[in-house]
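The chain contents come next:
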Amino acid sequence: MEPAAPGERQRFKRIPRQAWAGNLELDPLLNENLDQWPHLNELVQCYKADFVKDDCKYGRYESVAPPFFQSQIFEGPDTDIETELQLCNTRHSKPEDATEDDTPSTSGRQIYETEASASSSKVHCSLSSLPAYEPAFDWENERSLIFGQRVPESLPAIKSSGLKITVKVLSLSFQAGLVEPFSGTICLYNRDRREKLSEDFYFHILPTDMQDAQVSLDRRGVFSLDAPSLSVCLLIQLEKAATEEGGVTPSVYSRKEPVHLAEKEKQKLQVWSRIMPYKESFAWAMIPLFEGNHAGGVGDATSPSSPLAPSISGSSSQDSIVDPISKLTLDGKLNHYSSGSSVIVEISNLHKVKESYIEDSLQDPKRKVHKPVKGVLRLEVEKLHDGHNDVDNVSEGGSMANDLNDAGELNNGRCNRSSFDGIRSSVNSSAIDQIDAHHNGQNSNAENGDCFQAFDFRMMSRSEPFSQLFHCLYVYPLTVSLSRKRNLFVRVELRKDDSDIRKPPLEAVHPRDRNTMLQKWGHTQIAVGTRMVCYHDEVKISLPALLTPQHHLVFTFFHVDLQMKLETPKPVIVGYSVLPLSTHIQLLSDVSLPILRELVPHYLQESGKERMNYLEDGKTVFRLRLRLCSSLFPVNERIRDFFVEYDRHTLHTSPPWGSELLEAINSLKNVESTALLQFLQPILNMLLHLIGDGGETLQVAAFRAMVNILTRVQQESSDGAERNRFLVNYVDFAFDDFGDRQAPVYPGLSTVWGSLARSKAKGYRVGPVYDDVLAMAWFFLELIVKSMGLEQSRLFYHNLPLGEDVPPLQLKEGVFRCIMQLFDCLLTEVHERCKKGLSLAKRLNSTLAFFCYDLLSIIEPRQVFELVSLYMDKFAGVCQSVLHDCKLTFLQIICDHDLFVEMPGRDPSDRNYLSSVLVQEIFLTLDHDDLSQRAKAARILVVLICKHEFDARYQKSEDKLYIAQLYFPLIGQILDEMPVFYNLNAVEKREVLVVILQIIRNLDDATLIKAWQQSIARTRLFFKLLEECITHFEHNKAGDSLLLGSSLRSPDVERPASPKYSERLSPSVNAYLSEASRHEIRPQGTPENGYMWNRVSPQLSSPNQPYSLREALAQAQSSRIGSTARALRESLHPVLRQKLELWEENLSTAVSLEVLGITEKFSVAAGTRSITTDYAKLDTVTSILMGLLSRSQPLAFWEAFLPVVYNIFNLHGATLMARENDRFLKQIAFHVLRLAVFRNDSIRKRAVVGLQILVRNSFNYFKNTTRLRVMLTITLSELMSDVQVTQMKSDGSLEESGETRRLRKSLEEMADVRSKDLLKDCGLPVTALEAAPEGSTDNKWSWVEVKHLSKCLIQALDAGLEHALLGSVITADRYAAAEGFYKLALAYAPVPDLNIMWLLHLCDAHQEMQSWAEAAQCAVAVAGVIMQALVGRNDAVWTKEHVASLCKICPIVSTDVSAETSAAEVEGYGASKLTVDSAVKYLQHADKLFAQAELYHFCASIQELIIPVYKSRRAYGQLAKCHTSLTNIYESILQQEASPIPFIDATYYRVGFYGERFGKLNKKEYVLREPRDIRLGDIMEKLSHIYEAKMDGNHTLHIIPDSRHVNADELQPGVCYLQITAVDPVMEDEDLGSRRERIFSLSTGTVRARVFDRFLFDTPFTKNGKTQGGLEDQWKRRTVLQTEGSFPALVNRLLVIKSESLEFSPVENAIGMIETRTAALRNELEEPRSSEGDQLPRLQSLQRILQGSVAVQVNSGVLSVCTAFLSGEPATRLRSQELQQLIAALLEFMAVCKRAIRVHFRLIGEEDQEFHTQLVNGFQSLTAELSHYIPAILSEL
C-alpha cells in the first residue's frame, strides 16, 4: 500500500521507520530468504515494516481562527470611555509613538473601534455569543475530560530516550606541538557503578601538516540517556602509535618547561607513526555531564566541571545554556564557551598512562597518578531534544527571544557564578544566537555532518518492546597473564565452522574508521613490555540471523618488536583462543579461556581436545567479557521454544496433534516480564496469526494466552494508564494485519471472543480470563476496528476514482451478527456491573462507545446505529444515576465523531439519528435529580455546538443552518417543559441559553416563524427564554457581586471545583485561567504580546515548594475555598484579567444584540400577522425591550437599538402607545431620559432622538403630546430620585451636577429644529420624525408643541434642582423650603399625583412652622386638583361653578378644566386618589386648618362645597354636622367683629434683599406673612439668623434701619443688606389717596374674605435734609406694594411685582392726622349696638379715644398742630385753601369731641365721675388754647 495520492482522503498513513542511524546494513545474512524461518520473518517484519497509523482514530479537528474580540465600551452616567479612547488612539497613531506593544493583546490585538459603525438593524448580529462564552475552546482538552478518553501516543521510535547528547571533537593541542596522529574513544560511563553505558565512539586527530587534516573531525557521536544523573560522565581515552624503542617517548607531552619538540624529534615521530599501525594507550579523562551544586564533581577533586546544567530532563532548550553552572576547577584550566545550544568544553587535565589498563581500574584509589599532559582537548557537547516538543516550543516569530531575555533576569542569581573574566554571563546575547540556530533547522549542528549513534546498552535491560532490529555481540578482551614480558595485541574474528583455519572468517567486525564495509577481524591496542597484559578495547561483531552450534569466535595473540630495522616490524603469532557462541548467549558474560599454541582442523569437537597444546599449562589465562545486544534472538528459553514450535506449525513440520505448540503457548504465561515486553509485538503478531487461521482449540488457547499477556503487560508496566502505552503503540502503529500476507484478523477474533462471551451468557464457567478480557476489551475492539479499516482501504485502494471517499466496508452477515452478539454481551456486562458500581463497567462503557465511534468511519453507519439503538434500548429512559452517566458518556464519545454532522438517520427519510437521540437524552438528563449529570449534559451540548461552530468544514451558512435545525428540537422540548429549565442552577442555565442563542442565530427566518406559530403561550415562553438570556449574561463590572459560586460549598461536591474567575463565562474558562496562572506560561494565541512572563525552572532539590510568586498565590487560592471571585481575579496576570473582562463584555454584548435582532424579526413577522401572539399588548416585545433597557449595555448595543425601536414603533405604534401599554411606555420614557443624562455623547444623542421618536408617535396616534408630557413628567420625577442632581463644591456648598446639566441640554436639544443630522448619525432616515397618521398626508408634527413640552420638562428639572440645592439649609430657611416644594408642585401640575404629593409635602412643612393659613391653602389646592379632575371626567357632584368658588379661596386652582386630567390617567398614577371622598377629606382638613388660623369666613365657603356631596348622597347625619359647624363658624365671625380690639389674623413685613450672596433673591423685594404676635424685632432677628449662615468670609450682613428707597448701586460691595419694614394690608375698596392716617380696625366693618394682594407703609421725611423736624417740615411718603398672588397663599412670602408711592405735604399730614381722630370718634359714636349688654366695651373704647384727644397734656395733639401751622412764619406760607381745610378740620374735631363727652356722661356710673370731670376740664382748657389761633372756635362750640 503506497502512500495515497494527494487527492484521496486516505485513512491510513504509512510512517517509515527511523533506521538506527549509524548502524551498517544489518548482517547480510539477514537478507537471505527467511521463509524457512517464519518466526524470523515475523521478527524482521516487525522491525522493518512501516508504521501504519489510522489518521482518523483520535478525531481530526481543524478549527477556524479564533474571532477578533473588540473591546466593548460600557458607559456609566459619568463616564466617557469612548472619547478617552479616541483621544488615546489619536495620540498613539502618531508615527513616533507607534510601538507594537502598547495595546496589550488578547486572543488577537485589542483594537478599540471608535468609528461609528453603520448600525443598520441588519448588522447587529455580527457578533456571536458562543466564541465569547467559550473563548478558550480547546477541542483536545474538552475531549480529554471524557471518561475513558483514549490518549494517542507519539511514535514509539522517538520515545527511545529522554535525552540525547552529541559530542564532537574539535581539536587537540599540546604545549610541545601536535606532530603525530592521535585517535581515541568516547563513551558514556557510570562512574559509581563502573559500568559502560554505551558503545565506543571513535575519533582520529591528524596533525595539521598531514594531508586532509580536518576531514576526520566532522563526525559526531550521539549518546542517549534516560535522565540526568550525577554519576554519568563521558569517558575519553586517547591512544597513539606505539612508542618506538629508543625513540621519542610520550613523556615529551608532559614536560613542565614549555619546550617545543625539536625538528629532529618531529621527523622521527612522523616517520614512525606512518609505519606503525598498532596503537598504545596514551591518556584518559572523565568528564561529569551533570554537576551537583557542590564544587568539583563527585569523587575526583580535579574533575572538570560539567558541560550540561542540571536541568529537567531536557525539557526546554534554554535550560542548559541559560544557566551553565560552570565553576573553575582547582587547577583553573577549564573554560566553557557557550555558542548556540552547545557548550564547548576544554579538557586540560588529561591523565597520562604509562602502561595498558582495563577501564574498571581507572578509578582505583591505588592507581598512581601520573603527570598531567600539558595539552588541551576541545569538545563540543550539545543537548538534543525530542524533535517534536521543541518545534512546538519555539513559537511563531521567534518569541522565544523574549522568553530568554526574561530568563536572564530571573536567573541572574545563578548565572553570575559563571562570569569569570572574558565571558559575560548576560544570557541575552547567546540566547539570541541560539534562536537563530533553532530556526535554521532544529538541532542544527547535529543533523549536518555525519552522526554516529552510539548504541545504548541499557536498552537490553529496559522493560519495553524493541523497536529496532539489532543483532550484535560486543567483545571485550580484558587481561592476559603471561610468564614473560611481551608486546602483545589480540585479533578477534567470527567463524562459521572449524573445518579449516585458513578459510577467511566471516566479514562481521565493525570497522573503526568510517569506511562502511564490515571487516574480517578487529585488533586491540598493544600492551608494551608487560607480563600482565590489560586491554580496554571494544570489538563489535554483527551476528548471523540464526546462530548454529558451529558459530564461534577465534582470538589470535600477536607479539610485535617495536624497533625500526630494515623493514616494518612484523607481528608474530603467540597463540589462539576459541569461544563457541551458542554456549555463551547471555546478556552479559565474563569468560576465561586457555590459550592454544595452534589450531588444528575441527578444533571445536570434543574428540580433538586432548591433542591441543596449551600455553601456560592450559590455565585459563585469557579473561574477556561478552555483551549480547539482539532483538532477534530471545535470551528467554520459553520464548525461543514458542518461536521454534510456531515455525514448525507454520511450515507444517510438526506432528499433527500439535500439543507441543499448545504447551509452548501456555508456557508463555510464565515468561518474566522484561523479556515478554521486549518481544511483545512479534509474540502478539504470532498469536493473532494463530487466532486468525488455527483450529478452534488453537484459537482459544492463543486467545487466552493473549488475554493473559495483555493483562500482565497492563499490570506490570510502569505508567499505570488505563490503556497501556506499549499496547497502544502496538495497535496504533505496529499492527498491520500481516500487511495483506494473510486473511484479516477481525473475523477470527470476533468469533473466538464472541463464543467465549456467549458461553458466559449461557452460564458456563469461563474462568478468570473472562474478567481479564473485559478489562482488555479496548485492545481487542481497537484491533478489530483497525483490521476492518485496513481491509477496507486495501479493497478500495486501487479502484477508487480520484477525490472520492472510500465507500463503507460491507461486513459479511455472519461477522456482523457475531459483532452484534458480542456487543450485546458486553452491554449486559456494563449494565450488570454498573449496578454494583464497578469502575470496570464505566471503562468498558467508554470502550464500547469508542468501538461504535470507530465503526462509524468504516462500515455502513446504519449498521452502527443498530448497535447504538441496542445500547439505547438497554439503557432506556431515566435510569439509575450510574447507568445514566454511562449513557451520557457513550453519547458524548459517539457524537464527537468527525462526521457527526453528516451522519444519516436510521431510515432514509430521517434527519441525523445520533443528534435526535442526543437531544432527547440531554433533555432527559436536565430533568434528572443528579446535579453533576445535569452539569455534564449541559456541558456536552455546549462543547458540541462549539465544535460545530468553530469547525473549518462547516463555515458556510447553509451548513450552519443545517446544524441549527438538527438541534432545534431541543428548544421545542424546553418550551414544552419549562420547569425543567427553571430547576437548573445558574451555570447550567447559562450553558443551555448559550446553546439556544447559537441555534436561533443560525436558523432561518422561516423556521423561527414556524416556532412562533403554535400558540400564544408558547411564543411567550420563547421570549421568556430570551429574557433569561438577558438576565444571565448581563454585564456588571468585574466581579461586582461574584462570590465564589455556591457549588463549592454544596455538600455533594467532594473535591473543590476549579476556582471561579468568572460566573458568566463557560466553566472551562475557569480551568483555562487557573491553568494559565499556574504555569505562568504565555496564554495560547498571544505570542506577540509584550507581556511575557516566564516559567522558572524549579530546582530539582525542592520539587514541592512553589517556585514562583504566582504559583504560591495559586496554592493559597486552592487552599482557601471561600475566597471570592474578585480576589481570584486580582490574582490573575493583568493580560489574563484583561482577556477575561474582554470576553465577558463581548458575551454580554453579543447576547443583547442577538436578542434585539430576534425581537426585531419577531416584530416584523407580527407586522404581517403571520404568527400567533397577543396582538392587543405585544407583551413579548415590550418585556424584552424593557429587559434590555434596564441593564447596562455597551455602545454597540445602543447604536443598534434606535433603528430597531424605530421600526418596531413604525409597525406596532398604535398597540405600543395604547393605554394598555402605559407601563411599557413609561419604562421606555424612563430609560430614554436616563440615557439623556449620560456623559458619553453618542449615547446622549441617541436618547434625544429616542425622545423625538416618542413625540413623533404621540403626534401620530394622539395628535398632541399632552399624554406624553404626563408620561415624561412622571418618569422625570422618578429619574430625579435616581440621579445625583447636585454635587459638592470645594467650599462645601452644593452646585448643579453634570448630570443635571446634561439632562437639561438633552431636553433643550429635543426641541431643536436642526436635528436632521442627529437622525442621520443614529442611522435613521431623515424623514423619521414626520408624523402622518394612516390615511392622511399632512404632517402632524408641531415644533411649537415640542418646545412647550421641552419647557415643561426643564421647569420640572429646575424645580427639582432648586429643591436639592437647598439641601442642608432646608431646616433653617423655611421660606426657601416652602418655595422649593411649591415650585415642584407647580412643575408637576400636569400629573395630579405628583402635584398632590408635593402640595402635601408643602402642607406638612407649613404645619410644622404653624403657618396654619398657608397649610390650609395647600389642602384646598389638593382638593382643587381632585375636583378639577372629577369635573373634567363629569363623574362628580360638583360643577364648574363650584370650582370657581374654590378658586376664590385659593387662586392657584385654575378654573379651566382641560383634557389634561384625562391624559394624566397613566397606569399606576391618578386613578386611586382622585375620588370625591378624597376631595372631601382634604376640604375637611383645610377647614380645620383655617379654623386654627381663625379665618372663619374661609371655613364657611369650604363647608358650602362639602354640603352638596352629602346632599347627593342623602347623608343626613353628615349634613347635620355640617350645619352645626356652619353655625359655630358664623358665631365665631360675630365674636371677632364684636371685639373692641380689632382682629388681626397676621402681620406683614416687606423685606428687600441687596447683595450677591443672596443669589436669586438679590435686588428683589418680598412681602412676608407672619403670625400676628411677631413684632418687627422678632422678624429682624429671625431673618438675620437665616442669612448670616449664608455669608462667607468676604461678606457681612447689614440691616437697613429705615424704610427709605434704596439705590442698590450706591451700596458697599462685599456687604449684604436686608431692609425690613412693617406693612399694612390694603382693603379692596380703600382710598389710598386719602391723607388720613390708617387705623386698621376702621375697615373691618363687615364680614369679608381677608385676601390681600396690596400693602402699604408710610415713611416720614423732611425736604430740608434734617433727619427730624417740627410738624411744619414733616412730609410723608406712602408706598403701595403689589404682590404676585394674594395672601394667604401656598407660601409665606410673595414677590413684590409693583411698587408705587405718593407724597403728602406737612399741612396735609396735619389735616390727615386730625381727620383720622375725628373719624375714629365718630365711628365709635355711630356704631350701632344691638343690646344693652354691649355698653361696657363701648364705654371703654370711648374713654380710650377721648383721653387721647382732649387731655391737655397731649402736646403732640391738636394743640401742636395749631402752634406749628397757625402761628408765626409757617402760617404765612400756607395757601388759603389749605388754611381753610385745616381750620375746618379742627372745628369739626372739637365738635365731635363735645358730642362724645356728652355720650360719655350718659354711659358712666359713679366710679367714673372724677374721670369725666377731668375730660370736661381738659376740653375747656383745649378750647381756650385753640381760641388764640382760631377765634371763631368759641362761637362754633
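First things first, this report covers the structure right here in the doc.

Analysis parameters
Residues numbered from 1 in each chain as written. Predicted model: local features only at pLDDT ≥ 70, side-chain atom pairs only at ≥ 80, totals over all residues. Heavy atoms only, no water. Salt bridge = Lys/Arg side-chain N within 4 Å of Asp/Glu carboxyl O. Buried < 20%, exposed > 50% of the residue type's maximum accessible area, 1.4 Å probe, protein only. Helix = DSSP H or I, 4+ residues; strand = E, 2+ residues; numbered from the N terminus. Phe/Tyr/Trp six-rings, centres within 6.5 Å; stacked < 30°, edge-to-face > 60°. Lys NZ or Arg CZ within 6 Å of the ring centre and 35° of its normal. Patch = residues over 30% accessible without salt bridge, like charges linked within 9 Å, V, L, I, M, F, W, Y side chains within 5 Å. Areas by Shrake-Rupley, 256 points an atom, 1.4 Å probe, with all protein chains shown as cover. Lys, Arg positive; Asp, Glu negative; His and termini not counted. Charge placed at Lys NZ, Arg CZ, Asp CG, Glu CD. Core = buried A, V, L, I, M, F, W, Y, C linked by side-chain atoms within 4.5 Å. Contact = heavy atoms within 4.5 Å. Axes fitted to C-alpha atoms, helices over the stretch in contact; angles between N-to-C directions. Parallel < 35°, antiparallel > 145°, perpendicular 65-115°, else oblique. Left-handed = near helix turned anticlockwise from the far one by under 90°. Nonpolar A, V, L, I, M, F, W, Y, C, P; charged D, E, K, R; others polar. Pairing = 2+ DSSP bridges.

1. Here we look at the pattern of salt bridges
Phase 1: In the structure shown here, the tally under the stated rule is 60 salt bridges.
Phase 2: Residue R462 pairs with D456 through a salt bridge whose shortest N-O separation is 2.8 Å. Exposure class is identical for R462 and D456. Each is buried.
Phase 3: Each member of the salt-bridge network shares a partner with another, and the members are K57, R150, R723, D732, E782 and D854.

2. Things to note about the environment of E660
Phase 1: Within the element layout of this structure, E660 appears in helix α12 (residues 659-667).
Phase 2: For the pair E660 and D641, spaced 19 residues apart in the sequence, the C-alpha separation amounts to 9.3 Å.

3. Overview of the packing of aromatic side chains
Phase 1: For the structure on display, the rule yields 54 aromatic pairs.
Phase 2: Measuring from ring centre to ring centre gives 5.8 Å for F981 and Y982, while their planes differ by 65°; the resulting arrangement is edge-to-face.
Phase 3: What makes F981 buried here is its relative accessible area of 2%.
Phase 4: Among the aromatic residues, ring-to-ring pairing joins F455, F457, F466, F470, Y474, F642, F643, Y646 and F679 into one connected group.
Phase 5: Residue placement shows R491 over the ring face of W521; its charged tip is 4.3 Å from the ring centre.
Phase 6: Lying over the aromatic face of F981, K989 brings its terminal NZ or CZ to 5.7 Å of the ring centre.

4. Thoughts on a positive patch on the surface
Phase 1: A cluster of basic side chains, namely K256, K354, K368 and K371, defines a positive patch on the protein surface.
Phase 2: Tracing the sequence through the fold places K368 in the loop between β12 (351-352) and β13 (375-384).

5. Re the nonpolar core
Phase 1: Core analysis: the largest hydrophobic core is formed by 356 residues, its most contacted members being F642, F779, F780 and Y967.
Phase 2: Sort the elements by how many residues they give to this core and helix α45 (residues 1412-1433) lands first, with 15 residues.
Phase 3: With residues up to four places along the chain from it excluded, the contact list for F642 reads L661, A664, I665, L668, I683, M686, L687 and L690.
Phase 4: Counting 43 residues, the second-largest nonpolar core is a separate cluster that includes I165, F223, I236 and I347.

6. Quick word on the packing of helix α44 (residues 1392-1408) against α45
Phase 1: The geometry of α44 relative to α45 is characterised by a closest axis approach of 8 Å and an angle of 165° between their N-to-C directions. One finds that α44 runs roughly antiparallel with respect to α45. α45 is crossed by α44, and the crossing has left-handed handedness. Contact residues: P1392, N1395, I1396, L1399, L1400, L1402, C1403, H1406 and Q1407 in α44; W1412, E1414, A1415, C1418, A1421, V1422, V1425 and I1426 in α45.
Phase 2: Its residues placed into classes, the contact of α44 with α45 shows 13 nonpolar, three polar and one charged.

7. As for the pairing of strand β7 (residues 220-225)
Phase 1: With six of six residues buried, β7 is to be regarded as a mostly interior element.
Phase 2: Residues R220, V222 and S224 point to one face of β7 and G221, F223 and L225 to the other, with burial holding for every one of them.
Phase 3: Where strand β3 (residues 163-174) lies against β7, six bridges are found, and the strand directions are antiparallel. The residue of β7 that forms the bridge with T166 is V222.
Phase 4: Here β7 runs beside strand β14 (residues 451-453); their pairing, made up of three bridges, is parallel. In the strand pairing of β14, V222 is matched with Q453.

8. Some remarks on a nonpolar patch on the surface
Phase 1: Nonpolar side chains collect at one region of the surface, where L587, L588 and V635 lie side by side and expose about 220 Å² of accessible area between them.
Phase 2: Turning to its location among the elements, L588 is positioned in strand β21 (residues 588-593).
Phase 3: On the accessibility criterion, L588 (44% relative accessible area) is partly exposed.

9. Here's the deal with the pairing of strand β31 (residues 1693-1704)
Phase 1: Bridge count between strand β26 (residues 1564-1570) and β31: three bridges; the pairing is antiparallel. Looking at the pairing, V1567 lines up with L1694 of β31.
Phase 2: Pairing of strand β30 (residues 1674-1687) with β31 involves eight bridges; the strand directions are antiparallel. When the sheet's bridge partners are listed, Q1682 is paired in β31 with K1698.
Phase 3: Linking β30 to β31, which pair antiparallel, is a turn of five residues.

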